[in-house]
Structures are given as structure tokens and as C-alpha cells.
Amino acid sequence: MGNKQVKQHFETAKKTGVLKISLLRLDEFPSALKTFPNVLKTLDISENRFTVLPEDVARFTILKHLNASGNKIAVMPECIGVLVKLETLNMMNNLLTTVPRSLASCVNLKQVILSNNQISSFPIMLCEMKHLDLLDLSRNKITEVPPEVRSLQVTELNLNQNQITVLAEEIADCVKLRTLRLEENCLQISAIHPRILIESKVCNLCVEGNLFNSKQFNELQGYDAYMERYTAVRKKIS
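Definitions and limits used
- Residues numbered from 1 in each chain as written.
- Predicted model: local features only at pLDDT ≥ 70, side-chain atom pairs only at ≥ 80, totals over all residues.
- Heavy atoms only, no water.
- Pairing = 2+ DSSP bridges.
- Helix = DSSP H or I, 4+ residues; strand = E, 2+ residues; numbered from the N terminus.
- Axes fitted to C-alpha atoms, helices over the stretch in contact; angles between N-to-C directions.
- Phe/Tyr/Trp six-rings, centres within 6.5 Å; stacked < 30°, edge-to-face > 60°.
- Buried < 20%, exposed > 50% of the residue type's maximum accessible area, 1.4 Å probe, protein only.
- Domains from an automatic or database assignment.
- Contact = heavy atoms within 4.5 Å.
- Buried area = accessible area lost by both parts, 1.4 Å probe.
- Disulfide = S-S within 2.5 Å.

Draft legend 1. Structural view of the sheet that holds strand S1 (residues 18–20). Taken in spatial order, the nine strands line up as S1-S2-S3-S4-S5-S6-S8-S10-S11 in an open sheet, and their pairing is parallel. Of all the strands in the sheet, the pair left with one neighbour each is S1 and strand S11 (204–206). Here the average twist between neighbouring strands, direction ignored, is 5°.

Put into C-alpha cells, the structure is as follows:
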């Protein structure tokens, strides 16, 4: 798209604090970003052709919503930690392999969506975030959910379509977790610890597409306790 259209977006953003330059086939960040005033609360650069998230993003210290999904970004820069007011981060459909430790400084994050990347290790730096409500790590290459997950504050954790073989029983200690999605992984039935069914608050446990069948799951110790929670929630909804 032409520079004129991009320029119009920037003019609007100065007034609204919202810069939306998605679906413009951009592969380089507009030079105007380097001198743009620190007024942005929402930055949407989704569905372009960017390969990097530039350090210039760190200038926007009042940013609350960052959408960089649908690009070809392989590295999330360390400077992301400067965005301490950030509430939502969407970098799904990129080429990320890791999550920087500095993201832990974004203490106000409520939603982190990193679906469909190349991440191989569970990002434990997110486990201490007190406001994080949704963590979507589906369609990555994670093989293990580590014991540190016990501190996770989310109500929903999406790990569908990874390569998980190890699920730490400490996930039962997540005080707010209600929905746990583990579909299409590499879990044996022995990986589902009874504590998860008996002691956790999880009332929506999705495990189809693993290395066991529904009959084996239904026969697990604690299945009845889990179903009581599941049914109780369904009654409230209806």
C-alpha cells in the first residue's frame, strides 16, 4: 500500500492513541515510528511481512495493547520488558523460538497469545504474573510442562498441538486455572496425575488426541471428582 495511506494512519494515531497498520504488506517499519510521540496505547502491526520487532517499540511506554501477529518475527526483543503497562500481547503466527526473560517485567499483562510459533520451552517467566488471565501457547513445540507452572495465575491455559510428554502434577496447584487444553499432544495416560483431577480447580480439561483413549481417561483415579466440577459449571451456564 502507498505511503499516503500509512501517513493517514499516523495522523489519526496522534489523536486517538491507536495505530493500526495491519494488512499493508509492510516489510520495514515506517520511519515515522522513530519520531512518533509517546501517545500510543494500541499498536497493531499484524498481517504484514516484518521479520523483526524493532527496538523503537520500547519508546511507547504507555502502550497497553500490542498485536504483531501474522508476521515472520523470529525474536522477541529484550526491550519488550520496558512496556510495563502492556495488558495484551499477541504474537501468534510468527517464527518465535523463545520468550525473553524481560517479559516478566510486563507485570500488567492479562493476555499473552503466542500460538503457532516454534517455542520449545514453557515460558516460566510468565508464571509469577499476578494479572495474567489467558496464556495461549498452542501449536508450538513444547515438550514439557515444568513444576514452576504451580505459580501460574491464569484461568485458561491452552497447550493444544504441542509435543508434550511430561505434565508436572504441580499444575494442580494453580489456584485460578479452570480451563486446561492439552489436545493433540504426546501424553501417555500415566502423565495425567490424579492430583490434577482430584485437587485442582480445573473444570474443563481437554485431552483428546493424545496417546490414550477416552475409556482410559474415564477410569483414572479422580475422574469422578473432576466430573463433579465439570457438571456443576455446566449447570451454572445453563
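That was the structure; now back to the text.
Draft legend 2. Summary view of the packing of aromatic side chains. For the structure on display, the rule yields eight aromatic pairs. When the ring of tyrosine 223 is compared with that of tyrosine 226, the centres are 6.4 Å apart and the planes differ by 55°; the resulting orientation is tilted. Here tyrosine 226 and tyrosine 223 lie together in helix H4 (residues 223–237), a separation of three residues that amounts to about one turn. Each member of the pair, tyrosine 223 as well as tyrosine 226, is classed as buried. Summarising the aromatic geometry, the rings of tyrosine 226 and tyrosine 230 are spaced 6.2 Å apart at their centres and angled 45° between planes, so their arrangement reads as tilted. Taken as a pair, tyrosine 226 and tyrosine 230 lie in helix H4 at a separation of four residues, close to a single helical turn. By relative accessible area, which is 4% here, tyrosine 226 ends up buried. Taken together, the ring pairs connect Phe212, Phe217, Tyr223, Tyr226 and Tyr230 into an aromatic cluster.

Draft legend 3. How the structure looks around the domain arrangement of the protein. The assigned domain composition of the protein is domain 1 (1–95 + 108–118) and domain 2 (123–137 + 145–237). Each of domain 1 and domain 2 has a C-alpha centre, and the two are 32 Å apart. Domain 1 puts eight residues into the contact, and the matching count from domain 2 is nine residues. Carbon and sulfur atoms make up 64% of the area that domain 1 and domain 2 hide from each other, which totals about 740 Å².

Draft legend 4. Structural context of the state of the cysteines. This structure, assessed with the given rule, holds zero disulfides. Note on cysteine 106: no disulfide assigned, nearest cysteine sulfur contributed by cysteine 79 at a separation of 9.8 Å. The thiol of cysteine 127 is not disulfide-bonded; the next cysteine sulfur, from cysteine 174, is found 7.6 Å away.

Draft legend 5. Expanded view of unusual backbone geometry. Of note, asparagine 93 is a non-glycine position whose phi angle comes to about 60°, a positive value. With respect to the helices and strands, asparagine 93 occurs in the loop between strand S4 (88–90) and strand S5 (111–113). A positive phi angle, near 55°, is found at glutamine 161, a position not held by glycine. Examined against the element boundaries, glutamine 161 turns out to sit in the loop between strand S8 (156–158) and strand S9 (166–167).

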